[in-house]
Every structure is written in C-alpha cells, then in structure tokens.
Amino acid sequence: MTSAPTRPRRALLALAIGSFAIGMTEFVVMGLLPEIARELLPTAWAASQEDAIAQAGWLITLYALGVVIGAPTIAASVAKYPRHRVMILLAGALTLCNALTLILPTFELVAASRLLAGLPHGAYFGIGALVAADVMGPGNRAKGIAFVLTGLTVANVVGVPLGTFLGQNLGWRWAFVMVVVIFAAATVAIALTVPHRAGEPSRTLRAELKVFRIPQVWFALGIGAIGFGGFFAVYTYVSPLVTEAAGAPAWLVPIVLVVLGLGMTAGNLVGGHLADVNLVRSMLGLLGLLVVTQLLLALTSGWIVTVIVFVFAVAFASSAVSPTVQTRLMDVAGDNQSIAAALNHSAFNTGNAVGAALGGAVIAAGLGYTAPVWVGLLLALGGLVIGIVSVTVERRTAARTPAVR
C-alpha cells in the first residue's frame, strides 16, 4: 500500500520546523551579544563594553566549532541505525542542549552548552537530507532537501528578528524559550510523521570514514567552505555596509536583514528545483551568479537602494548553491551517504568562519566597509574554480575508464 500524498509533505514539514529552530539558535545570538555580555560578564561589561561583547562572541565561535566537530562524527556513528529514530534523538538532543543554554547561570557554562548545541546541527541536516530525498523519490531529491533547508532560511526572515526583539525587550533568555519550544514541537512532529525505515548494520563508523578517500568529496567540500565563505563575508558585516558604506540610517539594517532572509528563502527553493533539472550545470551557473552579484554589490555599495537590491541577489545566489552542493556530495559519496550529507554543514560553517575572519581582517586593515564584499567576491570565485576543476577531473576520469560490457 502506498502512502498518502500528504505523508511526505508532513514529514518534510516536521523536518523544516527543526531546521527553523536551528536557524534561530545559530543566528539569534549575533543580535543579542550586548544583552548576553551585560548579564553573564558584568565585570568585563563595567570595564569595557566592547571587550565584553567581543568575549561574548565566543558563543558564536563555539557553536560553529560544535557543528564542524559533530557533523561527521555523529553522522558516521549513527549511519547503521534507522533514520527516523536517529532524527528523533537528534531533535531531542537539540531541545535539551538549548534548554541548558536557557537555564545555566554562568558564562562558562552557557559557552559549554553552545558547543554541545552545535554538535547535533550538521547530523540533523545531513540525515534529514537523506530522509527528504528518500520520501520524495528519484527526480525530486533536491526539492526535498531544499524544503528542509527552507526552515533555516525562513528563520532569518521571521525567527531571528522575532527572537532578537524578545531578547532585547524581555531578556535574552526569552529568545531561547522560543527556540526550545520549537525544537520540542519538531521532536514530536518528527516522531509522528517521518516514515520508519530499517537501518543498515554494515554502515559502521570505519566504513563511513572511507568517504575521505574520494577526491570528488574533497572538491565538493571545498566548494562549500570557500564559495559559501563569500556569502558570510557579506552577511557578517552587512550592518556597517548599510550604515557606513552606503551612509544609510541604522533603522534600515533590520529591513536589509529581512530582505537578505527573503533572498535566502527564494534562492533555496529555486536552487532545489534547478538541481533536479541539471545538477552540474546548476551548481556551476549559480556559483557564477554569486560571483556576478558580489561584483555588482561591491561596485554600487555607496547607494542604499542598490545595496538592498544586490544584498537580496547575493543571498539568493548563495542559498541557491546550497542544495546543489548538498546533492552533489550525496552523488559522489557512494555508499557513505550519512557522513557525506552531514559534512556539507561542516563545510558551510568553515565558510562562515573563513568569510567572517577575512572580512574582519580587511576592515581592521583600514580598507573600508566595502572591502568584505570584495573578499566575498574572491571567495565565491574560488568556489567556482573548484567546481570547474571538479567537473573537469570527473569527466576526464570517466573518459579514461573503459565502459563495462
């Protein structure tokens, strides 16, 4: 008996609710650093607000570190178990770890909870991508993956601004009350809707780690880490880009961030559709679009209208690349699907760190607030070059391999 047509959509929606909460917990801290520093670092705050905020920034770094560490190790370790059970456990772990952030009293303990909260992040998206591809079936895999990722992008439009508003007006912990409630709802929804599938006992940690022997996997990870770093070079410094480079008032920054989130949401859905039509052409074409939009943003950063337009375009192009790289990784990984799907998020968080660090370095060097956009352009170009090399190597290898008769 076949499942009702609504069953896959319900499963995807449940997974997207969890990705919405992940988007909130990852990005809401950025807007609440002053509130967190004021409460958890009172001595440092009294001495220097700037230093206290910088110290609170470690909460962001530790979360990203947790993602990079947890994505491959957890995904590889659970590959042999039924995916629906794994997703329930991952959603439950995210609920628990964010509840610790909510209740723990000191900065050191909250920092530890952020590291723990990052650990299940990549595995959730990685295994969730496999579930989405499975329930959607051949020809619609990337659309399913994109739908799950849409929760992350919508969080930047709705969840992060709302959580920031709550945190600024009621205390930063209220943002995490919202996060914990959504994660709890996602856990229940996943338990009720994600279909049961038998596990694969042969997929041990040692077997999954063989993915690192595949050259094309490294190419795909390079596209994510370098190319997507171009987006984070812009995203991290969008506030001074608006107020300093374009000379616009500060009240426009939240509006630009909403526009950015809308671009991410639209790009993610379009990228999922294009990837199912022609994966390789879509991946390379969208990377090229990211390069062009970064260039246009850099050249017109002195005018707020063009900044708004091209921030949307950069967000659209970068987010459209995401499902293509995710699907590409799954295609080239062979039997090592669980770890490959999760590694994509390790790569993206590496890009987050690289883009933010390089963008900050050029600002600190006195090159101006448009300089991170030029850094983003170079990183996006690097991602495109890696993509071209990857496809060229793959085609030459295929041409040298005798056809099996």
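Residues numbered from 1 in each chain as written. Predicted model: local features only at pLDDT ≥ 70, side-chain atom pairs only at ≥ 80, totals over all residues. Heavy atoms only, no water.

A. Just the confidence of the model for the chain, in detail. Confidence along the chain averages 85 in pLDDT terms, with 94% of residues attaining 70 or more. Note that residues 1-5 has pLDDT below 50 and, in this model, 0 contacts with residues that lie over four places away or in other chains. (pLDDT = per-residue confidence, 0-100. Contact = heavy atoms within 4.5 Å.)

B. Just the packing of aromatic side chains, in detail. For the structure on display, the rule yields 9 aromatic pairs. Ring geometry for Tyr124 versus Phe125: centroids 5.9 Å apart, planes at 90 degrees, classification edge-to-face. Taken individually, Tyr124 and Phe125 each receive the classification buried, so the pair is uniform in this respect. With a centroid separation of 5.8 Å and an interplanar angle of 65 degrees, the aromatic rings of Phe228 and Phe232 are classed as edge-to-face. The exposure class assigned to Phe232 is buried, which follows from its relative accessible area of 7%. Among the aromatic residues, those joined into a ring-pair cluster are Phe228, Phe231, Phe232, Tyr235 and Phe348. (Phe/Tyr/Trp six-rings, centres within 6.5 Å; stacked < 30°, edge-to-face > 60°. Buried < 20%, exposed > 50% of the residue type's maximum accessible area, 1.4 Å probe, protein only.)

C. Local environment of the pattern of salt bridges. Applying the stated criterion across every chain, the model contains 2 salt bridges. Taking the shortest distance from any N to any O, the salt bridge between Arg173 and Glu39 comes out at 2.9 Å. One end of the pair, Arg173, is in helix H9 (residues 173-193); the other, Glu39, is in helix H2 (residues 33-40), with 134 residues separating them in the sequence. Take Arg173: its relative accessible area is 18%, and that puts it in the buried class. The class of Glu39 is partly exposed, set by a relative accessible area of 40%. Salt-bridge contacts for Glu394 lead to Arg328; the nearest nitrogen and oxygen are separated by 3.2 Å. Of this pair, Glu394 sits in helix H18 (residues 371-400) while Arg328 sits in helix H16 (residues 304-332); the two residues are 66 residues apart in sequence, bridging distant segments of the chain. On the basis of relative accessibility, which here comes to 29%, the residue Glu394 falls in the partly exposed class. (Salt bridge = Lys/Arg side-chain N within 4 Å of Asp/Glu carboxyl O. Helix = DSSP H or I, 4+ residues; strand = E, 2+ residues; numbered from the N terminus.)

D. Here's a closer look at the nonpolar core. Judged by nonpolar contacts, the single largest core of 107 residues is most densely connected at Tyr124, Phe231 and Leu297. The element that contributes the greatest number of residues to this core is helix H7 (residues 107-136), accounting for 14 residues. Once you skip the residues sitting within four places of it in the chain, Phe231 turns out to touch Leu260, Met264, Gln294, Val314, Ala315 and Ser318. Listed in part, the 13 residues of the second largest apolar core include Val217, Ala220, Leu343 and Ala347. (Core = buried A, V, L, I, M, F, W, Y, C linked by side-chain atoms within 4.5 Å.)

E. Representation of the environment of Gly118. Along the chain, Gly118 falls in helix H7. By relative accessible area, Gly118 is classed as buried at 0%. Excluding anything up to four places from it in sequence, Gly118 contacts Tyr63, Gly66 and Val67.

F. Broad picture of the packing of helix H14 (residues 252-277) against helix H15 (residues 279-299). Following both chains from N to C, one finds H14 and H15 inclined at 140 degrees, their axes separated by 6 Å at the closest point. When the interaxial angle is binned, H14 and H15 end up oblique. The residues of H15 that touch H14, namely those facing Gly271, Leu274, Ala275 and Val277, are Leu279, Ser282 and Leu286. A per-class count over the contact of H14 with H15 returns 5 nonpolar, 2 polar and no charged. (Axes fitted to C-alpha atoms, helices over the stretch in contact; angles between N-to-C directions. Parallel < 35°, antiparallel > 145°, perpendicular 65-115°, else oblique. Nonpolar A, V, L, I, M, F, W, Y, C, P; charged D, E, K, R; others polar.)

G. Quick look at empty space enclosed by the protein. Under the defined criterion, the tally for this structure stands at 4 cavities of 30 Å³ or more. In this structure, the largest cavity encloses a volume near 230 Å³. If you go around the largest cavity, you meet 17 residues; those closest to its centre are Leu152, Phe228, Phe232, His345 and Phe348. A total of 4 residues in the lining of the largest cavity trace back to one element, the largest contributor, which is helix H17 (residues 337-364). Looking at the lining of the largest cavity residue by residue, the classes come out as 8 nonpolar, 8 polar and 1 charged. Looking at the second largest cavity, its volume works out to about 50 Å³. Around the second largest cavity sit Arg83, Leu130, Val131, Asp134, Val135, Val194, Pro195 and Arg197, which together line it. With 4 residues, H7 is the single largest residue contributor to the lining of the second largest cavity. (1 Å grid on protein atoms, 1.4 Å probe; cavity = no way out; pocket = protein on both sides within 12 Å on 5 of 7 lines; lining within 4 Å. Points joined across faces, edges and corners; volume = space filled by probe spheres on them.)

H. Region of the structure containing the packing of H14 against H16. At a closest axis distance of 6 Å, the pairing of H14 and H16 adopts a crossing angle of 35 degrees. Where H14 crosses over H16, the handedness of that crossing is right-handed. Residue composition of the contact of H14 with H16, by class: 17 nonpolar, 7 polar and no charged. (Left-handed = near helix turned anticlockwise from the far one by under 90°.)

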